[in-house]
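Below, each chain spelled out in residue letters.
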Amino acid sequence: MDLNGADASGSNFSAAFIEDSGAVAISDTDATVTDAQQTLLTNLKLIVSANPDGAAESLTVAGESIPLNADVTSSGSVGSTTFLVTYVAASRTCIATVSSGSGAIADFQTLLRRISYNNTSNTPATTNRAIDITANDGTADSTIATVTITVTASNDAPTATNLSAAETYTEDTTRNLTDIVLSDVDSATVTATLTLSN
């Protein structure tokens, strides 16, 4: 198992997730899966170190979105192989097991290259996530390869609504602008600037 491909040293991989920028692959585009003795494999296992953002975090495995806060059973096909994908939230373990088809190493390699991580939280925890990955040929697991995912939060701009609401003023009388609604998904404090004109 080599997550970063033949053009880089070692077998581990680093990925950088940035809030609101979409999912990131957990391996390089030339990641490889090999077995010196077998031509067919049985399963691919992923163990996630942590998911502090709950349901906002997910993996896409064999084309199926797997939320990291709940047990999931699904299936998807890659090449000539159909995989049964199970995820156990308590242990944060996802296993893609051959349910039908060839189980060819090439299909496992494509499966690996297409797995991605996503986080839809507006305030994601910025601790690194690590995912340990192994392949099994029915007899033994491969050496563990690890992807480390850095998570970077980005500032979401505040919003103001109902700005065109009609207001009636009386000279020398205080008036509260109660119709205007300000909000910010990642901050409890919003500063507003009001410009008056006639």
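Look above for the structure.
No experiment lies behind these values; they were computed from the predicted model shown.

(A) Broad picture of the overall build of the protein chain. Scanning the protein chain from N- to C-terminus turns up one helix and 13 strands. Along its sequence from the N terminus, the protein chain presents helices and strands in the succession β-β-β-β-β-β-β-β-α-β-β-β-β-β. Of all 198 residues assigned to the protein chain, the portion counted as buried reaches 34%. The long-range share in the protein chain, meaning contacts at least 24 apart out of those at least 6 apart in sequence, stands at 58%. In the form shown here, the protein chain has an accessible surface area of approximately 10,900 Å², with 49% of it arising from carbon and sulfur atoms.

(B) Expanded view of the sheet that holds strand β4 (residues 57-61). Spatially, β2-β9-β4-β5 is the arrangement adopted by the four strands of the open sheet, whose pairing is antiparallel. This sheet does not close on itself; its edge strands, each paired only once, are β2 (24-25) and β5 (64-67).

(C) Expanded view of the environment of Ala96. Tracing the backbone through its elements, the reader meets Ala96 in strand β8 (residues 93-101). A sequence separation of 52 residues divides Ala96 from Leu44, and the C-alpha atoms of the two residues are 5.2 Å apart. Residues contacting Ala96, with those up to four places away along its chain left out, are Thr42, Asn43, Leu44, Val61, Phe83, Leu84, Val85, Phe108 and Leu111.

(D) The arrangement of the side chain of Thr134 in detail. Here Thr134 is to be found in strand β10 (residues 129-136). Owing to a relative accessible area of 9%, Thr134 belongs among the buried residues under this scheme. Not counting residues within four places of it along the chain, the set of residues in contact with Thr134 comprises Met1, Asn43, Leu44, Lys45, Asp141, Ser142, Thr143 and Ile144.

(E) Structural context of the nonpolar core. Ranked by internal contacts, the top residues of the largest apolar core, which has 38 residues, are Val61 and Ile133. Look past the residues within four positions of Val61 in its chain and what remains in contact with it is Ile66, Val85, Cys94, Ala96, Leu111 and Ile115.

(F) Focus on the sheet that holds strand β11 (residues 145-152). In space, the seven strands of this open sheet follow the order β1-β11-β10-β3-β8-β7-β6, with mixed pairing throughout. Here the strands that pair on one side only, and so sit at the sheet edges, are β1 (13-18) and β6 (72-78). Pairs of neighbouring strands in the sheet enclose a mean axial angle of 20°, with direction left out of account. With five bridges joining them, β10 and β11 adopt antiparallel strand pairing. Paired with Ile133 across the bridge in β11 is Ala145.

(G) Molecular detail of the packing of aromatic side chains. Throughout the structure, instances matching the rule amount to two aromatic pairs. Ring geometry for Phe17 and Tyr117: centres 5.6 Å apart, planes at 85°, overall edge-to-face. Of the two residues, Phe17 is situated in strand β1 and Tyr117 in strand β9 (residues 116-119); the sequence distance between them amounts to 100 residues. The same class applies to Phe17 and to Tyr117, which are both buried. With a centroid separation of 5.1 Å and an interplanar angle of 85°, the aromatic rings of Phe83 and Phe108 are classed as edge-to-face. Taken as a pair, Phe83 in strand β7 (residues 81-88) and Phe108 in helix α1 (residues 105-114) lie far apart in primary sequence, 25 residues in all. Accessibility classification places Phe83 together with Phe108 in one group, the buried group.

Definitions and cut-offs
Along every chain, residues carry numbers that run from 1 in the direction the sequence is written. Predicted model: local features are reported for residues with pLDDT of at least 70 only, side-chain atom pairs are reported and counted for 80 or more only, and whole-chain, interface and lining totals are derived from all residues. Based on all heavy atoms of the structure, the side-chain values leave hydrogens and waters out of the count. Secondary structure elements follow DSSP: runs of H or I no shorter than four residues count as helices, runs of E no shorter than two count as strands, and numbering proceeds from the N terminus. Three labels apply to residues, based on accessible area from a 1.4 Å probe with only protein chains included: buried if under 20% of the type maximum, exposed if over 50%, partly exposed otherwise in between. Residues count as neighbours in contact if any of their non-hydrogen atoms are within 4.5 Å of one another. Here the Shrake-Rupley method, with its probe set to 1.4 Å, supplies the accessible areas, and only the displayed protein chains count as covering residues. The rule for pairing is simple: two strands pair if DSSP sees at least two bridges between them. Grouping buried Ala, Val, Leu, Ile, Met, Phe, Trp, Tyr and Cys residues that are joined through side-chain atoms within 4.5 Å yields what is termed a nonpolar core. In this analysis an axis means a line fitted to C-alpha atoms, helices contributing only their contacting stretch, and an angle means the value between N-to-C directions, from 0 to 180 degrees. We call Phe, Tyr and Trp rings a pair once their centres come within 6.5 Å, taking the six-membered ring for Trp, and we label the pair stacked below 30 degrees between planes, edge-to-face above 60, and tilted otherwise.

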